[in-house]
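Summary of the model geometry
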Amino acid sequence: MSNNKRGRYENAGNDPRKRPERAEEKVRDRAHEARAMDGDPGGRLGALDEALETHSYPTTTNELVEAYGDYEIETQGGSESLEDVLSRTENQTYDSADDVRSRVLGLVHR
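Residues numbered from 1 in each chain as written. Predicted model: local features only at pLDDT ≥ 70, side-chain atom pairs only at ≥ 80, totals over all residues. Heavy atoms only, no water.

**Side note on the nonpolar core**
The nonpolar side chains of a soluble globular protein tend to be buried, and buried together. Our working rule: Here, nonpolar core refers to any group of buried Ala, Val, Leu, Ile, Met, Phe, Trp, Tyr and Cys residues whose side-chain atoms link them within 4.5 Å. Burial classes follow relative accessibility: with a 1.4 Å probe on protein chains only, a residue under 20% of its type's maximum area counts as buried, one over 50% as exposed, and anything between as partly exposed. Numbered from the N terminus, helices here are DSSP runs of H or I no shorter than four residues, and strands are runs of E no shorter than two. Contacts are assigned to residue pairs with any non-hydrogen atoms lying within 4.5 Å of each other.
If you look at the biggest cluster of nonpolar residues, it comprises 17 residues, and the most contacted ones within it are Ile 73 and Val 104. Mapped onto this core, the elements with two or more residues apiece are α2 (47–54), α3 (61–68), α4 (82–86) and α5 (97–108). Considering every element that reaches this core, the biggest residue donor is α5, with 6 residues. Residues in contact with Ile 73, not counting those within four places in the same chain, are Arg 44, Leu 45, Leu 48, Gly 78, Ser 79, Glu 80, Leu 82, Val 85, Val 104 and Val 108.

**Describing a negative patch on the surface**
Applied cut-off: Patch definition: residues with relative accessible area over 30% and no salt bridge; like charges joined within 9 Å; nonpolar side chains (Val, Leu, Ile, Met, Phe, Trp, Tyr) joined within 5 Å. Exposure was quantified through the Shrake-Rupley algorithm and a 1.4 Å probe, taking into account, for residues, occlusion by the shown protein chains and nothing else. Any carboxyl oxygen of Asp or Glu within 4 Å of a side-chain nitrogen of Lys or Arg constitutes a salt bridge here. The convention is simple: Lys and Arg are positive, Asp and Glu are negative, and His and the chain ends are not counted. For the purpose of locating charges, the reference atoms are NZ of Lys, CZ of Arg, CG of Asp and CD of Glu.
A cluster of like negative charges, contributed by Asp 70, Glu 72, Glu 83 and Asp 84, occupies part of the molecular surface. Here Asp 84 shows up in helix α4.

**Re α5**
Put simply, the test is: To estimate how far a helix should extend, the number of its residues minus one is multiplied by 1.5 Å. This arc is built from the directions going out from the helix axis to the C-beta atoms.
With 12 residues, α5 should cover 16 Å at 1.5 Å per step; its first-to-last C-alpha distance of 16 Å lies within 8% of that length. Within α5, burial applies to Ala 97, Val 100, Arg 101, Val 104, Leu 105, Leu 107 and Val 108. For α5, the angular spread of the buried residues around the axis is 160°, confining them to a single face. Taken together, the buried residues of α5 touch α2, α3, β2 (72–75), α4 and β4 (93–94).

**Digging into the environment of Arg 44**
Mapped onto the secondary structure, Arg 44 falls in the loop between α1 (5–12) and α2. Arg 44 gets classed as partly exposed once you look at its relative accessible area, which sits at 25%. Between the C-alpha atoms of Arg 44 and Ile 73, which are 29 residues apart in sequence, the distance is 5.7 Å.

**Concerning the packing of aromatic side chains**
For the record, the criterion: Stacked, tilted and edge-to-face are the three classes applied to pairs of Phe, Tyr and Trp rings, where Trp contributes its six-membered ring and a pair requires centres within 6.5 Å; stacked means planes under 30 degrees apart, edge-to-face means over 60, and tilted covers the rest.
Throughout the structure, instances matching the rule amount to 1 aromatic pair. A centroid spacing of 5.5 Å and a plane angle of 75° characterise the contact between Tyr 68 and Tyr 71, whose relative ring orientation is edge-to-face.

Right under this line is the structure:
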């Protein structure tokens, strides 16, 4: 039997008491990680989230209110309609569902 480190480790086999301790690296399962703004991660937009995906873009605040103003959004204090949430902002143009989500969720967290 060799008396150097390599020989000791090779002879340790599967006995965990004789193997050197190594920090085990966690394997990340990226398939189950949430991506940034991929849909509505917290579910606060409810049915509005799916409606935003099928809406055609670019669109404006006024067009969104006209089409989805009655949709309810969960807030820290209960729920509010999309119309009430967007009334806090000027009319602006959105290029995608992600743009709308970001704006709405930003307004809800103020």
